[in-house]
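Residues per chain, in single letters:
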Amino acid sequence: MPLWPPTRQSRLPAVLAALALLAAGPLWSTASSAGAAAPATTAATVSVNAAQALATVPATAIGTNGSVYDSKLTDAAVPGQLKQAGVGLVRFPGGSSSDSYDWKTNSDLTYGTQAVDFDHYAAILQQSGAQGMVTVNYGSGDVIGATKTPAESGAQLAADWVRYANITHDYHIKYWEIGNEIYGNGTYNADWETDKHCAAGANPTNCGPAVYAQNAKAYIAAMKAVDPTIQVGVVLTAPGNWPDGSTSAGSPQPWNQTVMTALAGQIGFADVHWYPQNPSSVTPPGPTDAGLLASSAQIPGMVSTLRSQLGQYAGNSSVPIMLTETNSVSSNPGKQTVGLVNALFLPQDYLGWLANGVSSVDWWQIHNGIVSTGDNGSSLYGSANYGDYGMLADGSCVAGSGAQLCEPAADTPFPAYNGMTLLSRFVHPGETLVAAGSNQSLLQAYSVKAADGSLRVLLVNDDPSSSYQVGLSYAGFTPATGTPTVTTMAGAAAALTTASAGTATSQTVAPYSAVLVTLRPGSTVTPPTTPGTPTASGVTGSSVDLSWAPSSSATGLAGYDVVQAAGSTETVVASSTGASATVSGLQPNTSYTFAVYAKDTAGNRSARSGTVTVTTAAATGGGSCKVGYSVNNDWGSGFTANLVLTNTGSTPVNGWTLSFGWPGNQHLSNGWNANWTQSGNTVTATSLSYNGTLAPGASTNLGFNASYSGGNQAPSGFTLNGAACG
């Protein structure tokens, strides 16, 4: 958890004007292998289950950031480079610049006229084919708006931007967010983000999360009044990262709890940032190469917690999550950012978030500028003596220790760009990430199933000294015989090479390298026919019966999965061997959308059926309680769930015990907001001191993590203090 504010050191326009020197060649080098001992070889096993879907790859999966101060952003080569790297989203106007930027005059409060205006940015989107995301000025929007004729608020200034983009010019900018890292406005003793709502001094009381949420409501209303189709995101904190959980005079409750509660039902997407390492000037020290490469293990827990918070405080755990900034280190970048290790980290970073259902991951950034004061120590891989957050060099120079340091020529790819290019060859929008696992902790395995039946496997070796001889096995997929196509990323520059190598069941992965194996199916894959659109019957306040026209399969039909669809997110809520199923554990008077997939005995899945939308009945009779149950995140062998317990009776409940039964082999791992136990298939949650009293009509939120195999149907038979819930 960062112990100081995670800001990005930026190359600012005033500095740009002074950088008129020619760029030198690359400062990294490939170490000679002459006389070096061959790396040790370790046996490894990778298992791929093509029948176990994790997530669908969104069109916006691979994103990055572009900044108004980047004079190289409008270079002719940039749109093609973005397209080659598979970039599907570009965020603008760039980090903290957003909260001091006047889009109408293309100027910054401190640094004046900027290099890239909004129309330049829109042209880049059009030429690259990427979607746009705009961060409107929250921090000084009111101040800038007051200078206009007639004067207007920051919310109106933002609405003008939406109108200019989508009504006047038809730029089709779908994603908009309100401010950047506003929690860095002094609320928590760290002040790097412009916020003119705040009084001077430490921990001001007039600019905490409640003030942000109140103003964000006005922004959302004004912007969506212009274009109701846009999605408006709000600033949240990544769980476990500063300032998550912090409080102050201006924030008596943590940032996420306050913002989510105030904006429940209005959040278009959750906007979070994640930089896994801190500079070495703080305690604990960083960065380290091993620490960076291991950090993606934190991602499932962060997503799970964030979805739990959204369910508990915002009332909707399915709100899309977008990671709009990420890179290796939170400030003062050093040699790691321009080296091979960052290129290896990048696909692991993206795939960790995407496999857990996040809608976009956005690298910081396209160009950024040279920094000589970061960590360039010998303990880190590589020989560069500078850092740069950019994927592409900008040709800038800076004074070093006794000599001038210069980057390669503008638009020369750094290794991270090659890491993104490899990632874009591995995943394409609409494809399905499937389960893959390795028996070696330093060998990471990922897999994706394409619409044409082919399978790709990505192997990343995080070990700097050992090579892995990898044996691969497959479930739900039979690879074709012959030598597969393999793309390798290796060497100090993270160069990409493609050749035929190894077999479908055996690959060698060198130290600090990544291998992408593309496999054709061994025979023509004919998935089951598409099930009929389900019809609903027997609708109650907590369940619905669904039935559909059956599918057929040449290889044998194994059954059906019923999914609940919420935007691009799908969650399996029931499984059956026949053409009907009951979905239980639903919340009264709530709209749900369902669809059905058929699956065959080889693990192949049909196309999705049509959808049916059902509104459950209002809570009536039965008992003096109701329980809303929702699954936030399901990764195939475990899941996170939230429950909302409501007292529907006319008298208070003083101390409660909630019980329910599992329909399958689910097993409780841990839980929160109650004392949780499980005996056989029965789970019991007992109230705590702070939530034991429920007045008539009052609710309390609780949740848990659990493991399972096979289907994951919702629990049933909820009882409160021994009486059945209605």
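Overview of the structure. (Residues numbered from 1 in each chain as written. Predicted model: local features only at pLDDT ≥ 70, side-chain atom pairs only at ≥ 80, totals over all residues. Heavy atoms only, no water.)

1. A few points about the state of the cysteines
The final tally for this structure, using the stated rule, is three disulfides. At a sulfur-sulfur separation of 2.3 Å, the disulfide partner of cysteine 198 is cysteine 207. Looking down the S-S bond of the cysteine 198 and cysteine 207 bridge, the torsion is 110°, so its handedness is right-handed. Judged by its relative accessible area of 2%, cysteine 207 is buried. Each disulfide pairs two cysteine sulfurs, and for cysteine 625 the partner residue is cysteine 725, the sulfurs being separated by 1.9 Å. Since a negative S-S torsion denotes a left-handed disulfide, the cysteine 625-cysteine 725 link at about -105° is left-handed. With a gap of 100 residues between them, cysteine 625 in strand β30 (residues 625-634) and cysteine 725 in the segment after β40 (723-724) connect regions that are remote in the sequence. A relative accessible area of 2% means that cysteine 625 is categorised as buried. (Disulfide = S-S within 2.5 Å. Buried < 20%, exposed > 50% of the residue type's maximum accessible area, 1.4 Å probe, protein only. Helix = DSSP H or I, 4+ residues; strand = E, 2+ residues; numbered from the N terminus.)

2. Some details on the packing of helix α5 (residues 154-168) against helix α6 (residues 209-226)
At their nearest, the axes of α5 and α6 sit 8 Å apart, and the two run at 25° to each other. Overall, the two elements α5 and α6 adopt an arrangement that is roughly parallel. The two elements α5 and α6 meet at a crossing, and its hand is right-handed. For the pair α5 and α6, the contacting residues are Gly154, Ala155, Ala158, Ala159, Val162, Arg163 and Ile167 in the first and Ala218, Tyr219, Ala222, Met223 and Val226 in the second. (Axes fitted to C-alpha atoms, helices over the stretch in contact; angles between N-to-C directions. Parallel < 35°, antiparallel > 145°, perpendicular 65-115°, else oblique. Left-handed = near helix turned anticlockwise from the far one by under 90°. Contact = heavy atoms within 4.5 Å.)

3. Points about the environment of glutamine 52
Along the polypeptide, glutamine 52 turns up in strand β1 (residues 40-56). Here the alpha-carbon distance between glutamine 52 and threonine 498, two residues 446 residues apart in the chain, equals 28 Å. With near-sequence residues (within four places) excluded, glutamine 52 lies in contact with Leu433, Val434, Ala435, Trp635, Gly636 and Ser637.

4. Some details on helix α3 (residues 118-128)
By the burial criterion, the buried members of α3 are Phe118, Tyr121, Ala122, Ile124, Leu125 and Ser128. Each buried residue of α3 lies within a common arc of 155° when the element is viewed along its axis, so the set occupies one face. On its buried face, α3 sits against α2 (78-84), β3 (89-92), β4 (101-102), β7 (131-136) and α5. Of the residues that open α3, the one with a side-chain oxygen 3.1 Å from the backbone nitrogen of aspartate 119 is aspartate 117. The first or second residue beyond α3 is glycine 129, which carries a positive phi of 80°. (Arc of directions from axis to C-beta. Polar contact = N/O pair within 3.5 Å; in protein donor to acceptor, adjacent residues only side chain to side chain.)

5. Brief notes about unusual backbone geometry
Residues phenylalanine 92 and proline 93 are joined by a peptide bond in cis, for which omega reads 10°. The residue proline 93 is located in the loop between β3 and β4 in this model. In this model, threonine 149 is joined to proline 150 through a cis peptide bond whose omega is -5°. Position of proline 150 among the secondary structure elements: in the loop between α4 (141-145) and α5. In this model, glutamate 181 sits at a positive phi of 45°, which is unusual for a non-glycine residue. Following the sequence through the fold, glutamate 181 ends up in the loop between β8 (175-178) and α6. Among the residues examined, glutamate 181 registers a relative accessible area of 2% and is labelled buried.

6. Looking at the sheet that holds strand β27 (residues 580-583)
One open sheet accounts for three strands, arranged β23-β24-β27; its pairing is antiparallel. A strand with exactly one partner marks an edge of an open sheet, and here the two such strands are β23 (535-537) and β27. Across the sheet, the axes of successive neighbouring strands diverge by a mean angle of 30°, strand direction being ignored. With four bridges joining them, strand β24 (residues 544-547) and β27 adopt antiparallel strand pairing. (Pairing = 2+ DSSP bridges.)

7. Concerning the packing of aromatic side chains
Scanning the entire structure with this criterion turns up 39 aromatic pairs. On the numbers, 5.6 Å between centres and 10° between planes, the contact of tryptophan 103 with tryptophan 161 is stacked. Here tryptophan 103 is found in the loop between β4 and β5 (107-108), whereas its partner tryptophan 161 is found in helix α5, with 58 residues between them in sequence. The same class applies to tryptophan 103 as to tryptophan 161, namely buried. Measuring from ring centre to ring centre gives 5.3 Å for phenylalanine 660 and tryptophan 662, while their planes differ by 85°; the resulting arrangement is edge-to-face. (Phe/Tyr/Trp six-rings, centres within 6.5 Å; stacked < 30°, edge-to-face > 60°.)

8. As for the sheet that holds strand β19 (residues 485-490)
Pairing is mixed across the open sheet formed by nine strands, whose spatial order is β20-β19-β22-β17-β16-β15-β1-β18-β21. Here the strands that pair on one side only, and so sit at the sheet edges, are β20 (495-500) and β21 (506-509). Geometrically, the sheet is characterised by an average inter-axis angle of 25° between neighbouring strands, direction not taken into account. Two strands pair when backbone bridges link them, and strand β15 (residues 432-438) and strand β16 (residues 443-449) are joined in this way by three bridges, in the antiparallel orientation. Bridge assignment links threonine 432 to a residue of β16, and that residue is lysine 449. Along the sheet, helix α10 (residues 340-355) makes contact with β1, β15, β16, β17 (455-461), β19 and β22 (513-519), crossing β17 at roughly 130°.

9. Re the pattern of salt bridges
This model, assessed by the stated rule, comprises ten salt bridges. Salt bridges sharing partners connect three or more residues here, namely Lys104, Glu152, Asp160 and Arg163. (Salt bridge = Lys/Arg side-chain N within 4 Å of Asp/Glu carboxyl O.)

10. Looking at the environment of serine 576
By secondary structure assignment, the location of serine 576 is in strand β26 (residues 569-576). The contacts of serine 576, once residues within four sequence positions are left out, are Trp548, Gly559, Tyr560 and Ala581. At a separation of 2.7 Å, a polar atom in the side chain of serine 576 contacts the main-chain carbonyl oxygen of glycine 578.

11. Focus: helix α9 (residues 299-314)
With 16 residues, α9 ought to run about 22 Å at 1.5 Å a step, and its terminal C-alpha atoms sit 21 Å apart, in line with that. Buried within α9 we find Ile299, Met302, Val303, Ser304, Leu306, Arg307, Ser308, Gln309, Leu310, Gly311 and Ala314. One or two residues past the end of α9 sits glycine 315, with phi positive at roughly 75°. (Expected span 1.5 Å × (residues − 1).)

12. Notes on the packing of α9 against α10
At a minimum axis distance of 9 Å, the contact between α9 and α10 shows a crossing angle of 35°. Crossing of α9 over α10 shows right-handed handedness. Contact residues: Ile299, Met302 and Val303 in α9; Gln348, Asp349, Gly352 and Trp353 in α10. Classifying every residue of the contact of α9 with α10 by side-chain character gives four nonpolar, two polar and one charged. (Nonpolar A, V, L, I, M, F, W, Y, C, P; charged D, E, K, R; others polar.)

13. A word on the side chain of serine 295
As for its placement among the helices and strands, serine 295 is situated in the loop between α8 (289-294) and α9. Accessibility expressed as a relative area gives 3% for serine 295, which makes it buried. Excluding its chain neighbours within four sequence positions, the residues that come into contact with serine 295 are Trp274, Pro276 and Phe345.

14. Describing the side chain of aspartate 388
When you line up the elements, aspartate 388 lands in the loop between β12 (360-363) and β13 (397-399). Engagement of the side chain of aspartate 388 in a polar contact is seen with the backbone nitrogen of glycine 390, the distance being 2.7 Å.

15. Observations concerning the environment of valine 68
Structurally, valine 68 is set in the loop between β2 (62-65) and α2. C-alpha of valine 68 to C-alpha of tryptophan 161: the two residues are 93 residues apart in sequence and 15 Å apart in space. Beyond its immediate stretch of four places on either side in the chain, valine 68 contacts Phe92, Pro93, Ser97, Tyr101, Gln114, Ala115 and Val116.

It is worth stressing that arrangement in space is one thing and function is another; only the former is reported here.
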